[in-house]
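# Reading the structure
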Amino acid sequence: RCHSELVEESALSIKLKLIKMNTIIKSGILFLSIFLFSNFSAQTKSFKAKVEGNCGMCKERIETAVKADKNVKSADWSMSKKVLTVNYDASKTDKKAILKSVAEVGYDNEMFRASDKAYDDLDACCQYDRPDNSKKMAKNADTKQVCDLK
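In this report, the structure presented in the accompanying data block is examined. The structure displayed is predicted, hence computed values, not measured ones.

### Looking at a nonpolar patch on the surface
Among the surface-exposed residues, Ile 14, Leu 18, Met 21, Ile 25 and Ile 29 lie close enough to one another that they form a single nonpolar patch of about 510 Å² accessible area. Structurally, Ile 14 can be placed in helix 1 (residues 3-41).

### A closer look at the pattern of salt bridges
For the structure shown, the criterion picks out 8 salt bridges. Between Lys 59 and Asp 76 there is a salt bridge, with its nearest N and O atoms 2.9 Å apart. With Lys 59 in helix 2 (residues 56-67) and Asp 76 in strand 2 (residues 72-78), the pair connects residues that are 17 residues apart, well separated along the chain. Across the pair Asp 116 and Arg 113 runs a salt bridge whose closest N-O atoms are separated by 3.0 Å. Of the residues examined, Arg 113 reaches a relative accessible area of 13% and is grouped as buried. One connected set of salt bridges, linked through shared partners, spans Asp 108, Arg 113, Asp 116 and Arg 130.

### Examining unusual backbone geometry
A negative phi angle is the norm for most residues apart from glycine, just as the trans form is the norm for most peptide bonds. The phi dihedral of Lys 82 falls on the positive side, at around 55 degrees, and the residue is not glycine. Position of Lys 82 among the secondary structure elements: in the loop between strand 2 and strand 3 (83-89).

### Comments concerning the packing of helix 2 against helix 3 (residues 95-104)
Two elements in contact, helix 2 and helix 3, have axes separated by 9 Å at closest approach and are oriented at 135 degrees. One finds that helix 2 runs oblique with respect to helix 3. Like other packed secondary-structure pairs, helix 2 and helix 3 cross with a definite hand, here right-handed. Contacts from Ile 62, Ala 65 and Val 66 of helix 2 reach helix 3 at Ile 98, Ser 101 and Val 102.

### Overview of the side chain of Asp 108
Structurally, Asp 108 can be placed in the loop between helix 3 and strand 4 (112-113). A polar contact of 2.8 Å, which involves the side chain of Asp 108, links it to the backbone nitrogen of Ala 114. The residues contacting Asp 108, other than those within four sequence positions of it, are Val 51, Glu 52, Arg 113, Ala 114, Tyr 128, Arg 130, Pro 131 and Asn 133.

### A look at helix 3
Here helix 3 has its buried residues at Ile 98, Leu 99, Ser 101, Val 102 and Ala 103. Packed against the buried residues of helix 3 are strand 1 (44-50), helix 2, strand 2, strand 3, strand 4 and helix 4 (116-120). Remark: Gly 106 follows helix 3 within two positions and exhibits a positive phi of approximately 110 degrees.

### Comments concerning the sheet that holds strand 2
Taken together, the 3 strands give an open sheet; going across it, the order is 1-3-2, and neighbouring strands pair in antiparallel fashion. Strands at the two margins of the open sheet, each flanked by one partner only, are strand 1 and strand 2. The mean angle between the axes of side-by-side strands here comes to 10 degrees, regardless of whether they run parallel or antiparallel. The sheet strands contacting helix 2 are strand 2 and strand 3, and the helix crosses strand 2 at an angle near 160 degrees. Strands strand 1, strand 2 and strand 3 of the sheet are contacted by helix 3, whose axis makes an angle of about 45 degrees with strand 1.

Definitions and cut-offs
- Residues numbered from 1 in each chain as written.
- Predicted model: local features only at pLDDT ≥ 70, side-chain atom pairs only at ≥ 80, totals over all residues.
- Heavy atoms only, no water.
- Patch = residues over 30% accessible without salt bridge, like charges linked within 9 Å, V, L, I, M, F, W, Y side chains within 5 Å.
- Areas by Shrake-Rupley, 256 points an atom, 1.4 Å probe, with all protein chains shown as cover.
- Salt bridge = Lys/Arg side-chain N within 4 Å of Asp/Glu carboxyl O.
- Helix = DSSP H or I, 4+ residues; strand = E, 2+ residues; numbered from the N terminus.
- Buried < 20%, exposed > 50% of the residue type's maximum accessible area, 1.4 Å probe, protein only.
- Axes fitted to C-alpha atoms, helices over the stretch in contact; angles between N-to-C directions.
- Parallel < 35°, antiparallel > 145°, perpendicular 65-115°, else oblique.
- Left-handed = near helix turned anticlockwise from the far one by under 90°.
- Contact = heavy atoms within 4.5 Å.
- Polar contact = N/O pair within 3.5 Å; in protein donor to acceptor, adjacent residues only side chain to side chain.
- Pairing = 2+ DSSP bridges.

In structure tokens form, the structure reads like this:
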């Protein structure tokens, strides 16, 4: 074979190697992008919060209210400690929204006071001794609604 054929064959071989390397680099960048996006899009966080309640029915109601938010990964209310532990996607919901849903079904917690009606609608065994939250509520708070606590 002549020198020009060898040079041409060598140039073709180099081009093929460059195309392969380019494909590998692009695949790596794509994989890295997907990996980073999946980690940032699902920012799982957790919190513990004081939530009033008494019994197994309270536990079921509290956890059901929390899990109604599809962005909550898990919820567990400890009857003995009166503490709710929640794991959730922080890019789509937050502690305040989650605890408000708990108050809406009748359970006072560290951020919200349940409305009088929601509390009164609880079964007798679920009607816990309500803490005096009056100092934590706004002066013009309407107890017929869920109230923010300071």
